[in-house]
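# Residue-level structure breakdown
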Amino acid sequence: MLLAHPASDTTPTPVLHQPLFRGLPPHLRTLAFIDLETTGLDASRHEVLEVAVLRVDARSLKVLAEYEARVQPTRLADAHPEALAVCGYSDEEWRDALPLEEALATVTPLLAGTLVAGHNTSFDWGFLVEGYRRAGLPLPGVDYHRLDTASLAWPLLATGEVESLSLNALAKRFGLHRPTPHRAMADARCALEVARCLAVRMARGGHMERLMEESGGVS
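A few points on the structure. These numbers come from a predicted model, not from an experiment.

## Comments concerning the pairing of strand S4 (residues 62-70)
- Direction of pairing for strand S3 (residues 48-57) relative to S4: antiparallel, over a ladder of eight bridges. What sits directly across from Val-51, in S4, is Ala-69.

Below is the structure:
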């Protein structure tokens, strides 16, 4: 389902009335926050079960469009039982799931021309790359950089503000409610909310400056 301006199922962060990042070059002005649920951790063996994409204006961090879909697995014998349990897979729930190639065909225009973002982005992007290969579809043209909220939040771990870089730990730190964790759209939205919180904090002279002060600076 393709929508615009979604309602978040995380606790909303303060609205950013003015663009935080006015000076971004044109090719970095659109982000695509992605999240996938999968049948396991190995992209060469396991499959995509659910995909979500939020196309976001990088200057204001406002959502421009969104897409989410359940994807029909074809090799359930290779699935890890714990992975299926975590994302709530059942034959009944996935009865109307889309074939992989159909879901990716809709994802493509949302990804095109963006900088891919998310939490632990390399995991999700690896599954997307393998998914496009299996579906026989060309990868969408995206920027070669990746924006990872786990990496952005590393100073919070280094200074002891969080105990881990998990999405749950960061959501808790910023007071974000997560009623449906391990669902693709819920986690994509949560990653975006974390990015908004981190962006506001950095714009106000936040954790990086504090880390540098406490560590004596960078040599």
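There is more to say after this.
## Points about the side chain of Thr-121
- With respect to the secondary-structure elements, Thr-121 resides in helix H3 (residues 121-135).
- When neighbours within four sequence positions are excluded, Thr-121 is seen to be in contact with Val-116, Arg-146, Leu-147 and Asp-148.

## Structural notes on the environment of Ala-83
- Along the chain, the position of Ala-83 falls in helix H1 (residues 81-86).
- Measuring from C-alpha to C-alpha, the distance between Ala-83 and Gly-40 comes to 5.5 Å, with 43 residues separating the pair along the chain.
- If we ignore the near neighbours within four places in the chain, the residues touching Ala-83 are Thr-38, Thr-39 and Gly-40.

## Things to note about the pattern of salt bridges
- Under the counting rule described, the total for this entry stands at 13 salt bridges.
- Across the pair Asp-57 and Arg-59 runs a salt bridge, and its minimum N-O distance is 3.6 Å.
- Using a relative accessible area of 17% as the deciding quantity, one classes Asp-57 as buried.
- We classify Arg-59 as partly exposed; its relative accessible area is 27%.
- For Arg-95, the salt bridge goes to Glu-92, with nearest N and O atoms at 3.3 Å. Both residues of the pair, Arg-95 and Glu-92, belong to the exposed class.

Reading the values: rules and limits
- Residues numbered from 1 in each chain as written.
- Predicted model: local features only at pLDDT ≥ 70, side-chain atom pairs only at ≥ 80, totals over all residues.
- Heavy atoms only, no water.
- Pairing = 2+ DSSP bridges.
- Helix = DSSP H or I, 4+ residues; strand = E, 2+ residues; numbered from the N terminus.
- Contact = heavy atoms within 4.5 Å.
- Salt bridge = Lys/Arg side-chain N within 4 Å of Asp/Glu carboxyl O.
- Buried < 20%, exposed > 50% of the residue type's maximum accessible area, 1.4 Å probe, protein only.

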